[in-house]
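Residue-level listing of the chains:
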Amino acid sequence: MPDDGTRREQGMGVRREVLGDEHVDRANARITPFTEGFQDFITRYAWGELWSGDGVDRRTRSMLTLAILAAVGCEDEFAMHVKAARRNGVPPEHIREVLMHVAVYAGVPRANSAFAIANTILGDEQSD
């Protein structure tokens, strides 16, 4: 079992690969004494344990994450993870299918909001 330092280092590497250096650098620049423990926690456990696991590939992890975030209405996190999913190789067609599942299993209003967010991000991606 890796120690916290190893988990933190691995988590930061995965976090940068999935979210991109710019995002992680911005998040790190905003760390305060109040948020420092939380940032360390998510780096070690969300990224150093969960996202570093070998149970499923990153594309699958991205799609699971999108479905959960859309279903519970975490719009800011959802937007961030649409970008991450594209970085992980998830094509727009698969994102659409994830959101169709959200519509059936979590509700049309949640999926509708998520479609609007994803459409903006994917549209921005096409204009680059």
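Fair warning: this is a prediction, and the values are worked out from it, not measured in the lab.

A closer look at the overall build of the chain
Here's step 1: Within the chain one finds seven helices and zero strands.
Here's step 2: Here the C-alpha atoms of the chain give a radius of gyration of 15 Å, agreeing with the 14 Å that 2.2 N^0.38 yields for 128 residues.
Here's step 3: Within the structure as shown, the chain displays about 7,800 Å² of accessible surface, and the carbon and sulfur contribution to it stands at 55%.
Here's step 4: Seen as two clouds, the 15 positive and the 20 negative side-chain charges of the chain have centres 1 Å apart.

Topic: the nonpolar core
Here's step 1: One finds L66, A70, F78, V82, I95, L99 and A118 to be the most contacted residues of the largest nonpolar core, which totals 18 residues.
Here's step 2: Secondary-structure elements contributing two or more residues to this core are α4 (58-72), α5 (75-87), α6 (92-106) and α7 (108-127).
Here's step 3: Ranked by residues supplied to this core, first place goes to α7 with six residues.
Here's step 4: When residues no more than four places from it in sequence are discounted, the contact partners of V82 are L66, I95, A118, I121 and L122.
Here's step 5: The next biggest cluster of nonpolar side chains, apart from the first, holds eight residues, and it includes V18, V24, W47 and A84.

Re a positive patch on the surface
Here's step 1: Taken together, the side chains of R26, R30, K83 and R87 make up a positively charged region of the molecular surface.
Here's step 2: Of note, K83 is situated in helix α5.

Quick look at α5
Because each turn of an α-helix spans 3.6 residues, side chains separated by three or four positions in sequence point in the same direction.
Here's step 1: For α5, with 13 residues, the first-to-last C-alpha span of 19 Å sits near the 18 Å given by 1.5 Å per residue.
Here's step 2: By the burial criterion, the buried members of α5 are F78, M80, H81, V82, A84 and A85.
Here's step 3: Of the residues flanking the end of α5, it is G89, one or two places downstream, whose phi is positive at about 90°.

A word on the pattern of salt bridges
Pairs can form between side chains of opposite charge once their charged atoms are near each other.
Here's step 1: Per the counting criterion, the structure on display carries eight salt bridges.
Here's step 2: The partner of E49 in a salt bridge is R7, with the nearest N and O atoms 2.5 Å apart. Within this pair, whereas E49 is found in helix α3 (residues 36-50), its partner R7 is found in helix α1 (residues 4-19), the two being separated by 42 residues in sequence.
Here's step 3: The exposure class assigned to E49 is partly exposed, which follows from its relative accessible area of 31%.

A short note on the domain arrangement of the chain
Here's step 1: If you check the domain split of the chain, you get domain 1 (1-53) and domain 2 (56-127).
Here's step 2: Relative placement of domain 1 and domain 2: their C-alpha centres are 22 Å apart.
Here's step 3: At the junction of the two partners, domain 1 supplies 10 residues and domain 2 supplies 10 residues.
Here's step 4: Summing both sides of the interface, domain 1 and domain 2 together bury roughly 860 Å²; the carbon and sulfur share of this comes to 55%.
Here's step 5: Among the residues of domain 1 in contact with domain 2, V18, L19 and W51 are the three that bury the most area, contributing 60% of the side total.
Here's step 6: Where domain 1 touches domain 2, the interface holds one salt bridge.
Here's step 7: E17 serves as the salt-bridge partner of R58, at 2.7 Å between the closest nitrogen and oxygen.
Here's step 8: Here domain 1 and domain 2 share five residue pairs in polar contact (both at pLDDT 80 or more) between them.

The rules behind these values
Residues numbered from 1 in each chain as written. Predicted model: local features only at pLDDT ≥ 70, side-chain atom pairs only at ≥ 80, totals over all residues. Heavy atoms only, no water. Helix = DSSP H or I, 4+ residues; strand = E, 2+ residues; numbered from the N terminus. Rg over C-alpha atoms; globule rule 2.2 N^0.38 Å. Areas by Shrake-Rupley, 256 points an atom, 1.4 Å probe, with all protein chains shown as cover. Lys, Arg positive; Asp, Glu negative; His and termini not counted. Charge placed at Lys NZ, Arg CZ, Asp CG, Glu CD. Core = buried A, V, L, I, M, F, W, Y, C linked by side-chain atoms within 4.5 Å. Buried < 20%, exposed > 50% of the residue type's maximum accessible area, 1.4 Å probe, protein only. Contact = heavy atoms within 4.5 Å. Patch = residues over 30% accessible without salt bridge, like charges linked within 9 Å, V, L, I, M, F, W, Y side chains within 5 Å. Salt bridge = Lys/Arg side-chain N within 4 Å of Asp/Glu carboxyl O. Expected span 1.5 Å × (residues − 1). Domains from an automatic or database assignment. Buried area = accessible area lost by both parts, 1.4 Å probe. Polar contact = N/O pair within 3.5 Å; in protein donor to acceptor, adjacent residues only side chain to side chain.

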